[in-house]
Amino acid sequence: MPTLRGKVIAITGASSGIGEATAHLLADKGARLVLGARREDRLSAVVDGITATGGTATGVLTDVTRRADLRRLTDTAVEQYGRLDVLVSNAGTMAVSPFDELRQDDWDAMVSTHITGLLNGIGAALPVFRRQGSGHFVNVSSTAAHVVKSPQAVYAATKTAVNVLSEGLRQESGPDLSVTVVSPGFTHTEGVGKGASPEVSSAMTQMRDEIAMPPSAVASAIGYAIEQPAGVDINEIVVRPTVQA
Ligand SMILES: NC(=O)c1ccc[n+]([C@@H]2O[C@H](COP(=O)([O-])OP(=O)(O)OC[C@H]3O[C@@H](n4cnc5c(N)ncnc54)[C@H](OP(=O)(O)O)[C@@H]3O)[C@@H](O)[C@H]2O)c1
């Protein structure tokens, strides 16, 4: 029976929401974690929560838009635990807005977090995985990559890029590596509506409060993909609340 026990797993965006829930679920199943995010206090709280209950986790301040930060995250896994089995690229921002508001800094942040951030993760982990002859990329996308809804076009475009990059990576990975895309629908996290234009933000948070699933649902999907035996690659999981259109 495949198990998560002892697996070394790095997670970006682990300071809240889906990343935090995934960290707790994987730690409970015995994985050894290296957790990255930018907010030091929130990241430390997650690490402390895991270690207080007997789990194994280390925090590394990480901004995924910076190549060196991802390198430090994967280096920490190798230095502390001797290997890296999985990189979960989860960091993200949902600062959506209509084009007419010209919130170009937010557009840039979505591009640099979801696209450059994912590429920085691939750049840091791929050489480690090749050296080991094994490794698993789990990339968090969104149902927005399947259904474009206004005013989420920039967000949807960057998540579509996550899917495209993941499929290309899968094709080049060969028999030893795995690549999984996990595409959540509405999930109850603080990130929904955060940084979005005020009207959009209040509509999104209202919708979240009415229909969202808990982040543990996405964490379970990620855990399922990682638990597969060698040679079996779950390529995409879409997980959304039953009521989501
Ligand atoms: N919630 C949903 O309905 C939903 C639906 C589909 C997909 N998603 C995706 O799920 C992922 C997690 O989002 P969430 O819902 O859990 O929201 P969240 O609670 O806001 O989590 C986002 C995480 O990403 C981190 N982050 C943001 N920018 C970063 C950067 N440049 N470098 C490193 N870390 C960064 C944040 O930590 P710091 O601020 O501390 O860095 C935080 O830990 C995102 O990719 C999001 O697009 C969410």
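What counts, and at which threshold
- Residues numbered from 1 in each chain as written.
- Predicted model: local features only at pLDDT ≥ 70, side-chain atom pairs only at ≥ 80, totals over all residues.
- Heavy atoms only, no water.
- Helix = DSSP H or I, 4+ residues; strand = E, 2+ residues; numbered from the N terminus.
- Buried < 20%, exposed > 50% of the residue type's maximum accessible area, 1.4 Å probe, protein only.
- UniProt positions renumbered as here; feature names shortened; annotations may be inferred.
- Near = heavy atom within 4 Å.
- Polar contact = N/O pair within 3.5 Å; in protein donor to acceptor, adjacent residues only side chain to side chain.
- Areas by Shrake-Rupley, 256 points an atom, 1.4 Å probe, with all protein chains shown as cover.
- Nonpolar A, V, L, I, M, F, W, Y, C, P; charged D, E, K, R; others polar.
- Core = buried A, V, L, I, M, F, W, Y, C linked by side-chain atoms within 4.5 Å.
- Pairing = 2+ DSSP bridges.
- Axes fitted to C-alpha atoms, helices over the stretch in contact; angles between N-to-C directions.

> I'm lost on unusual backbone geometry in this one. Help?
The phi torsion of most residues other than glycine is negative, and most of the peptide bonds are trans. The amide bond that connects S150 to the next residue, P151, takes the cis arrangement and shows omega of 5 degrees. Of note, P151 is situated in the loop between β5 (135–140) and α5 (153–173). The phi torsion at L102 lies on the positive side, around 50 degrees, for a residue other than glycine. Along the chain, the position of L102 falls in the loop between β4 (86–89) and α4 (104–132). In this structure L102 comes out as exposed when scored by relative accessible area, which is 56%.

> Please explain the UniProt feature "domain: Ketoreductase" (unreviewed entry) in the protein chain as it appears in this structure.
Taking the UniProt record as the reference, the feature "domain: Ketoreductase" (unreviewed entry) is found at residues 7–187. The distance separating the terminal C-alpha atoms of residues 7–187 is 26 Å; by composition the span is 50% helix and 19% strand.

> For this particular structure, what's the right way to read the site of the ligand?
The local shell around the ligand holds 30 residues, among which S15, I18, R38, Y155 and T189 are the closest. Within the side chain of S15, one N or O atom sits 2.8 Å away from an oxygen atom of the ligand. One of the backbone N or O atoms of G191 is found 3.5 Å from an oxygen atom in the ligand. In isolation the ligand offers 870 Å² of accessible surface; the protein chains occlude 96% of this area. Elements supplying a minimum of two residues to the shell around the ligand: α1 (17–28) and α5. Here the residues of the shell around the ligand are counted per class, giving 11 nonpolar, 14 polar and 5 charged.

> Sorry if this is basic, but what is going on with the nonpolar core here?
The nonpolar side chains of a soluble globular protein tend to be buried, and buried together. Among the nonpolar cores identified, the biggest contains 31 residues, and I9, L33, L35, V88, I222 and I226 are the most heavily contacted of them. Sorting the residues of this core by element identifies β1 (8–12), α1, β2 (32–37), α2 (40–52), β4, β5, α7 (215–226) and β7 (236–239) as the ones contributing at least two each. No other element matches α7, which puts 5 residues into this core. By size, the runner-up hydrophobic cluster in this structure holds 23 residues, among which are V60, Y81, F129 and V179.

> Looking at this structure, I do not really get the pairing of strand β6 (residues 177–184). What am I missing?
The two faces of the sheet receive side chains in turn, since in a regular strand these alternate between them. Among the 8 residues that make up β6, 8 are buried, leaving the element largely enclosed by the rest of the structure. The two faces of β6 match: L177, V179, V181 and S183 on one face and S178, T180, V182 and P184 on the other face are all buried. In terms of strand pairing, β6 meets β7 through 4 bridges, oriented parallel. Counterpart to P184 in the pairing with β7 is V239.

> Can you walk me through the environment of D233 in this structure?
Mapped onto the elements of the fold, D233 is located in the loop between α7 and β7. Taking the C-alpha atoms as reference points, D233 and L61, separated by 172 residues in sequence, lie 30 Å from one another. Of note is the side chain of D233, whose polar atom sits 3.1 Å from the backbone nitrogen of V179. Reaching out from D233, the side chain makes a polar contact with the side chain of N235 at a distance of 3.1 Å.

> Explain the sheet that holds β4 to me, please; I cannot follow it from the model alone.
In a beta sheet, neighbouring strands are held together by backbone hydrogen bonds and run either parallel or antiparallel to one another. Spatial ordering of the open sheet is given by β3-β2-β1-β4-β5-β6-β7, a layout of 7 strands whose pairing is parallel. Since the sheet does not close on itself, it has two edges, and those belong to β3 (56–61) and β7, each with one partner. Strand-to-strand twist in this sheet, taken as the mean axis angle between neighbours without regard to direction, amounts to 15 degrees. Relative to β5, β4 runs parallel, the two sharing 4 bridges. What sits directly across from V86, in β5, is H136.

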